[in-house]
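Spelled out, the chains give:
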Amino acid sequence: MKNNRTYKKIAIITGAAGGIGSAIADKLIEDVDILILMDINRDKLSQLMKKLNSSAATQIIGTLCDISDSKSVNKELEKIVSEIGLPNILINNAGIGGPFHRLDEVSDEEWYQIINTNLKGVFNLSRYLLPHMKQQGYGRVINIASVQGYLGAALSSTYVASKHGVIGYTRAIAAEWGAYGITCNAVCPGYVDTIMGIQEEAISGHKQSVISKTPLARLAQPSEIGSLVKRLIHDELFFINGSVITIDGGLTCHVGIT
Ligand SMILES: NC(=O)c1ccc[n+]([C@@H]2O[C@H](COP(=O)([O-])OP(=O)(O)OC[C@H]3O[C@@H](n4cnc5c(N)ncnc54)[C@H](O)[C@@H]3O)[C@@H](O)[C@H]2O)c1
């Protein structure tokens, strides 16, 4: 067992096959005993499994699951708990942006899809796993929120609302479960070079605009988010609980006038 620990570190990453999720998987693989990669996209998940399996000593398990559906989440997690062990690290990363719509253009369907994935997904995984972490007296939860979890943005109101909710859950979980050795923190990226970020051709003007407003004059690389998550779950940083940590190259630190 790694670092002479007496218990196994079993981590679950949701949305593991995406840009940031796979970068987090790349970083955590060195530190955990079992890595469970959860995603809704079969093809992307199997590609990631092949890539990670070729080099890893850590046991890697892929699980197809729609995190917005509590029945599927409960069923998959029940299987994991009975066949693999008790997860004690949860990275709530899966999320969707949805189309750029003004609030009055948002349909009920679109609203539920974004809220159910970004916010209910965090609830579904946390509700099942927190009691199991309590049983171990140890747990780490990292929620991948966004700078839009504490700032507004035009044409993304549902996403903004969902990520504000994710930060709310972060603080509430930290307050409610800290006494059991469980910490919960939020990581808030600015713009990251992923498909969901702004690397798509169609909005490349947006990308240049973000870069020009960022003091470090670039987007984040997914690996930088992975590195932050890796450090945050380290035992030496146990006292960080309920924190909301921005990683945005300075984008949100100024009002942008000069
Ligand atoms: N990319 C950015 O600029 C940026 C900025 C701030 C925050 N974030 C947040 O980071 C997280 C990851 O974003 P990304 O850029 O890697 O996006 P991505 O689109 O590359 O990856 C998201 C992954 O989540 C999976 N997924 C979507 N819905 C799911 C569901 N219902 N159940 C299970 N899996 C599901 C997708 O299949 C995909 O693999 C998201 O929560 C996002 O809101 C991203």
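Predicted model, so just to flag it, every value in this text is computed and none were measured.

**Q** Explain the overall build of the protein to me, please; I cannot follow it from the model alone.
**A** When you go through the protein residue by residue, the secondary structure sums to 7 helices and 7 strands. Secondary structure of the protein in N-to-C order comes out as β-α-β-α-β-α-β-α-β-α-β-α-α-β. The C-alpha atoms of the protein give 18 Å as radius of gyration, which agrees with the globular expectation for 258 residues (18 Å, within 12%). Expressed as lengths along the three principal axes of its C-alpha atoms, the size of the protein is roughly 55 × 40 × 40 Å. When each of the 258 residues of the protein is scored for burial, the buried share is 48%. In the protein, once contacts between residues fewer than 6 apart in sequence are set aside, the share between residues at least 24 apart is 73%. Carbon and sulfur atoms make up 54% of the accessible area of the protein, which totals about 12500 Å².

**Q** Where do I start with unusual backbone geometry in this structure?
**A** Of all residues except glycine, most have a negative phi; of all peptide bonds, most are trans. Despite not being glycine, leucine 155 has its phi angle at roughly 65 degrees, a positive value. Relative to the elements of secondary structure, leucine 155 occurs in the loop between strand E5 (139-144) and helix H5 (157-177). Within the chain, alanine 217 stands out as a residue other than glycine whose phi angle is a positive 55 degrees. Tracing the sequence through the fold places alanine 217 in the loop between helix H6 (204-213) and helix H7 (222-232).

**Q** Please clarify how the sheet that holds strand E7 (residues 244-247) should be interpreted in this entry.
**A** Backbone-to-backbone hydrogen bonds join strands into a sheet, with any given pair of strands oriented parallel or antiparallel. Taken in spatial order, the 7 strands make up an open sheet running E3-E2-E1-E4-E5-E6-E7, and their pairing is parallel. Sheet topology places strand E3 (59-64) and E7 at the edges, where each strand pairs with a single neighbour. Strand-to-strand twist in this sheet, taken as the mean axis angle between neighbours without regard to direction, amounts to 15 degrees. For strand E1 (residues 10-14) and strand E2 (residues 34-39), the ladder comprises 5 bridges, and the chain directions are parallel. The residue of E2 that forms the bridge with alanine 11 is leucine 35. In the packing of helix H4 (residues 108-136) onto the sheet, contacts are made with E1, E2, strand E4 (89-92), E5 and strand E6 (182-189), and the angle to E4 comes to roughly 170 degrees.

**Q** Just to check I follow, could you spell out the nonpolar core for this structure?
**A** Generally speaking, soluble globular proteins have nonpolar side chains that are buried together. Of all hydrophobic cores here, the largest spans 29 residues; its most connected members are Ile13, Leu28, Leu35, Leu37 and Ile91. Those elements that provide at least two residues to this core are E1, helix H1 (19-28), E2, helix H2 (42-53), E4, E5 and H7. Setting aside chain neighbours within four positions, we find isoleucine 91 in contact with Ile12, Ile13, Thr14, Ile24, Leu28, Ile142, Ile144, Val229 and Ile233. Formed by 25 residues, the second largest nonpolar core is a distinct cluster that contains Met38, Trp177, Ile182 and Cys184.

**Q** Is there a simple way to think about the packing of aromatic side chains in this case?
**A** Geometrically, a pair of aromatic rings is defined through the distance of the ring centres and the angle of the planes. A complete count under the given rule lists 3 aromatic pairs for this structure. Measuring from centroid to centroid gives 5.1 Å for tryptophan 111 and tyrosine 112, while their planes differ by 90 degrees, and the two rings are edge-to-face. Tryptophan 111 sits in the partly exposed class, given a relative accessible area of 38%. For the pair phenylalanine 123 and tyrosine 169, a centre-to-centre distance of 6.4 Å together with 15 degrees between the ring planes defines the contact as stacked.

**Q** Is there a simple way to explain the site of the ligand in this structure?
**A** Close to the ligand lie 29 residues; Ile20, Asp39, Asn93, Tyr159 and Thr194 are nearest. Backbone polar atom of asparagine 93 to an oxygen atom of the ligand: 2.7 Å apart, as the coordinates give it. At 2.8 Å, a backbone N or O of valine 192 approaches an oxygen atom of the ligand. Elements with a contribution of two residues or more to the shell around the ligand: H1 and H5.

Conventions adopted
Residues numbered from 1 in each chain as written. Predicted model: local features only at pLDDT ≥ 70, side-chain atom pairs only at ≥ 80, totals over all residues. Heavy atoms only, no water. Helix = DSSP H or I, 4+ residues; strand = E, 2+ residues; numbered from the N terminus. Rg over C-alpha atoms; globule rule 2.2 N^0.38 Å. Buried < 20%, exposed > 50% of the residue type's maximum accessible area, 1.4 Å probe, protein only. Contact = heavy atoms within 4.5 Å. Areas by Shrake-Rupley, 256 points an atom, 1.4 Å probe, with all protein chains shown as cover. Pairing = 2+ DSSP bridges. Axes fitted to C-alpha atoms, helices over the stretch in contact; angles between N-to-C directions. Core = buried A, V, L, I, M, F, W, Y, C linked by side-chain atoms within 4.5 Å. Phe/Tyr/Trp six-rings, centres within 6.5 Å; stacked < 30°, edge-to-face > 60°. Near = heavy atom within 4 Å. Polar contact = N/O pair within 3.5 Å; in protein donor to acceptor, adjacent residues only side chain to side chain.

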